[in-house]
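Chain by chain, the residues:
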Amino acid sequence: GAGVSQTPSNKVTEKGKYVELRCDPISGHTALYWYRQSLGQGPEFLIYFQGTGAADDSGLPNDRFFAVRPEGSVSTLKIQRTERGDSAVYLCASSPGTSRFSTQYFGPGTRLTVL
Amino acid sequence: GENVGLHLPTLSVQEGDNSIINCAYSNSASDYFIWYKQESGKGPQFIIDIRSNMDKRQGQRVTVLLNKTVKHLSLQIAATQPGDSAVYFCAEIANDYKLSFGAGTTVTVRA
């Protein structure tokens, strides 16, 4: 079946611009996660949705970052006033249930480059 | 080759040999552990998981061992193949839903 998909695969923007990154989870998965991966490091948690609501946004680095999931399926990560330090691969994952032990399946990521 | 106990950022292994990748964790509250494989330009791919009430779990060509006493996790890959070349991450979850990833080990398989 189809896995998690993310668009765009690559995004190049200028410092100060606004960007939106999209995630399509596996169909039927209720939980959705955003992570950020810097070069040479493991992914770091940003935010977790269960259904439409953000259950945990403790990983968002500051108020320039915001994410939504209005219908409980597709999610958009929004970054305002981008900075060079925001350059990273943004990964989305989804899992099928409400259990903490549900496997998180990752998408291919969006590589964001802020010039 | 095998490297038991010590986390190394890179591991070079001969095709057909067994590999052991090590991971140390620090949070004693962690109760769920997962190994992911990440190939260049791709997202992490689930390999195998283990809960803290177990100390060993086997999959296809892979085995995960958990030693809670010393907070150590290992992934064993049997008969390593060229397609096993990738970065391997251990991840843990403690009382919530957030994956916390380790530093990663780059495995290179020599033909």
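Worth saying up front: this structure is predicted, and the values here are computed from it rather than measured.

What follows deals with the interface of chain A and chain B. Facing the 22 residues of chain A at the interface are 22 residues of chain B. With both sides pooled, the region where chain A packs onto chain B buries about 1700 Å², and carbon together with sulfur makes up 56% of that total. The three residues of chain A that bury the most area against chain B are Arg100(A), Phe101(A) and Phe106(A), which together make up 38% of that side's buried surface. At the boundary of chain A with chain B, the tally comes to two salt bridges. In this structure, Asp31(B) engages Arg100(A) in a salt bridge whose closest nitrogen and oxygen atoms are separated by 2.5 Å. One can count eight residue pairs in polar contact (both at pLDDT 80 or more) joining chain A with chain B. Broken down by secondary-structure element, the contributors of at least two residues to the side of chain A that touches chain B are β4 (31–37) and β5 (44–50) of chain A. At three residues, the largest contribution of residues to the side of chain A that touches chain B is made by β4(A). Here the side of chain A that touches chain B is composed, by residue class, of nine nonpolar, 11 polar and two charged.

What counts, and at which threshold
- Chains are numbered independently. Their residues run from 1 in the order of the written sequence.
- Here chains are named by letter from A upward and ligands by number from 1 upward, in the order in which they appear as written.
- Predicted model: local features are reported for residues with pLDDT of at least 70 only, side-chain atom pairs are reported and counted for 80 or more only, and whole-chain, interface and lining totals are derived from all residues.
- Excluded from the side-chain calculations are hydrogens and water; all other atoms, namely the structure's heavy atoms, are used.
- Contact definition: two residues touch when any of their heavy atoms are within 4.5 Å.
- For any pair of parts, buried area is found by adding up, for both, the accessible area (1.4 Å probe) each one loses once the two are put together.
- Here a salt bridge means any side-chain nitrogen of Lys or Arg lying within 4 Å of a carboxyl oxygen belonging to Asp or Glu.
- Pairs of N or O atoms within 3.5 Å make up the polar contacts considered here, provided that, within protein, one atom can donate a hydrogen while the other can accept it, and that residues adjacent in sequence are counted only when both atoms are side-chain atoms.
- Here a helix means four or more residues in a row that DSSP labels H or I, a strand means two or more in a row labelled E, and each is numbered from the N terminus.
- Each residue receives one of three labels: charged for Asp, Glu, Lys and Arg, nonpolar for Ala, Val, Leu, Ile, Met, Phe, Trp, Tyr, Cys and Pro, and polar for the others, Gly being one of them.

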